[in-house]
Amino acid sequence: MSKSGEKVIHLPATISVRDLSEHLQISPIDIIKTLMTNGVMASINQEIDFDTAAIVAAEFGFEAAPEAPPEIAEAEKSADLPLWRRLLAREPKEALKPRPPVIGILGHVDHGKTTLLDAIRHANVAAGEAGGITQHIGAYQVRHNDRLITFIDTPGHAAFTAMRARGAQGADIVVLVVAADDGVMPQTREAIAHARAAQVPIVVALNKIDRPNANPERVKQQLAEIGLVPDEWDGDTLVVPISAKEGTGLDDLLEAILLVADNTGILANPNGKTFGTVIEARQERGRGVVATLLVQNGTLKTGDVVVAGTAQGRIKGMFDYNNKPIKKATPSTPVSVMGLDEIPVAGELFEVVASTREARAIVEERKQRAAEAEASRRRGMTLEQLFAKVEAGETQELRLIVKTDVQGSVEPVTTAIKELETENVGINILHADAGNITENDVMLASTSDAIIIGFNTQPDAAARKLAESEGVSIRTYDIIYRLTEDIEKALKGLLEPEEQEVVIGRANVLAVFQASKVGKAAGCRVVEGEIRRNARVRVRRGDKVLFEGEIASLKRHQDDVREVRSGFECGIGLKGFSDFAEGDVIECFIIETVKPL
Ligand code: GDP
């Protein structure tokens, strides 16, 4: 009901008389009569505009409101948003109720994420609650001004970047921790990119202000430069000075979080379909699989049957973050549950289904699909697939992550790329920075369907591996016009098949010895794939490539061989290079003609 007591009805920009009559449940004759009295002669199939329809609606006691423009409706079901958000968008609006905000904490290593999470927890979790046991289940809740706030508390070190990337996806608000004595660093920028990709607002915790060399003003300047303009400079970003170590500013931070939460409208339907995100999971002796689930809609109950990826089972035991047994969990509540048959993947969506039989059927189908995907290997977004999506009207943007060799080329390269934007396809550069292509870049690309562009820079070994398993495309270039040419062609859907190298194996140099004719040779262990006598190789030392060329000799013991597989040792001599050192990596690759991206 509107304020004036009229029924609100949502109408499009234009509507036929027939459709309007159906919307209002008024006979078309009456509508045509009303139009006539207002000086409009219309037939039943005639389209009338919103203003005219609004006048008619008012005559029958309705207040007309414009329907959401198609772009917004489209964005709501946008494939770029995390799955849980898209599911939430399907809940009937009137059933939605406020729920506690879920906070993810991101930031550069050592800037104080762990200290902050511990400080908030200790300052706000009532002592004595459930015996005050500090049980880490990957999430906890605190009360501030009598309102609950949920924090995702997954380990912060570098090995957990994947989880952190997903942390941003499950969260409603990201607290970005920036140390006041260190400023904006590469992982700060990555964190921002994650938050932006997941369309999650950011609150900045300006940490370590107790440090004598803290320089908050400089950090605010840096933040403003990357689009996070502090509110005190008339921007939209709340920047809260804190010391996680001394526990100062924490209340202000919680206050800021609630303020942003109120502006964002954080809702769920506690009576709707039950689903949420897996925060973490592990096998525990005597308890089986224990998974921390964040309920994001509906109400999770013991006895419910849950599916998460290919894990399924009936919930046998459910505990809150204080390890207290509970029977029900409403939206934004983190719980640890027992009863799943395998360890689900962190970041995955879980949902409640009607029966164990249904759960098994879903899992069966997923396993089959996974096997098919594995068979076709490259699962990630390719430029070709992107073009198909553009054609089908499913997407209007090409998402890129751009890495360059030096800081100075970030700006010219991104500008050159941006210039290629067309009317039909926008280019969204999620993250651009100098340095190697890392696992973080691949994670970001994978969670946001982006393609990674490297200019004079290469992926490191870990990134390459992750990209292969996640099916993320990495394109590297050393000439700018080749790069722009490719993107331009891709945007037009004209990319030709091209030659691309495929790494087929890697060997570590364990020793260097003098071999007769070929000068020095390297005693190696193949650690990945295989080394092939007639393939090409490259010698890497740390970040540097020392040599690229051909193999002169490949030996197992004294015998010449055609190939050596992973796990075996061999001697390798190269044509035109013998300056090996222990610890070098010999990478073996072939050139294949591949389909575009
Ligand atoms: P993380 O890698 O972001 O999780 O960072 P940690 O929480 O592990 O903190 C890294 C280091 O910074 C630790 O030695 C902390 O004691 C220290 N630290 C964290 N917050 C503060 C702070 O507010 N002031 C000072 N002086 N040191 C802090």
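What this report covers is the structure whose coordinates are included nearby. Only a predicted model underlies this, so the values are computations on that prediction, with no experimental measurement involved.

Moving on: the sheet that holds strand β23 (residues 426-434). Strand order across the open sheet formed by four strands is β23-β22-β24-β25, with parallel pairing between neighbours. In this open sheet, the two edge strands, each paired with only one partner strand, are β23 and β25 (474-477). Sheet twist, expressed as the mean angle between neighbouring strand axes with direction ignored, is 25°. Looking at chain direction, strand β22 (residues 397-404) and β23 are connected through eight bridges and run parallel.

Here we take up the site of the ligand. Close to the ligand lie 15 residues; Asp110, Lys113, Thr114, Thr115 and Asp210 are nearest. With respect to the ligand, the backbone of Lys113 contributes an N or O atom lying 2.8 Å from an oxygen atom. At 3.3 Å from a nitrogen atom of the ligand is found a side-chain nitrogen or oxygen belonging to Arg211. Contact with the protein chains removes 78% of the 580 Å² of surface that the ligand exposes when unbound. Ranked by the residues each element gives to the shell around the ligand, the list is headed by helix α6 (residues 113-124), at three residues. Among the residues forming the shell around the ligand, the class breakdown is two nonpolar, seven polar and six charged.

Bringing the packing of helix α2 (residues 28-37) against helix α3 (residues 50-59) into the picture now. The N-to-C vectors of α2 and α3 enclose an angle of 110°; their axes lie 10 Å apart at closest approach. Regarding the angle of α2 to α3, the classification is roughly perpendicular. Crossing handedness for the pair α2 and α3: right-handed. For the pair formed by α2 and α3, the contact residues are Ile31, Thr34 and Leu35 on the first element and Thr52, Val56 and Glu59 on the second.

Looking now at unusual backbone geometry. In this structure, Asn456 is a non-glycine residue whose phi angle is positive, near 60°. Tracing the backbone through its elements, the reader meets Asn456 in the loop between β24 (451-455) and α15 (461-470). Located in the positive-phi region is His557, a residue other than glycine, with phi close to 55°. Summarising the element assignment, His557 is placed in the loop between β29 (544-556) and β30 (559-560).

How each quantity is defined
Residues numbered from 1 in each chain as written. Predicted model: local features only at pLDDT ≥ 70, side-chain atom pairs only at ≥ 80, totals over all residues. Heavy atoms only, no water. Pairing = 2+ DSSP bridges. Helix = DSSP H or I, 4+ residues; strand = E, 2+ residues; numbered from the N terminus. Axes fitted to C-alpha atoms, helices over the stretch in contact; angles between N-to-C directions. Near = heavy atom within 4 Å. Polar contact = N/O pair within 3.5 Å; in protein donor to acceptor, adjacent residues only side chain to side chain. Areas by Shrake-Rupley, 256 points an atom, 1.4 Å probe, with all protein chains shown as cover. Nonpolar A, V, L, I, M, F, W, Y, C, P; charged D, E, K, R; others polar. Parallel < 35°, antiparallel > 145°, perpendicular 65-115°, else oblique. Left-handed = near helix turned anticlockwise from the far one by under 90°. Contact = heavy atoms within 4.5 Å.

What is shown is where atoms sit, not what they do.
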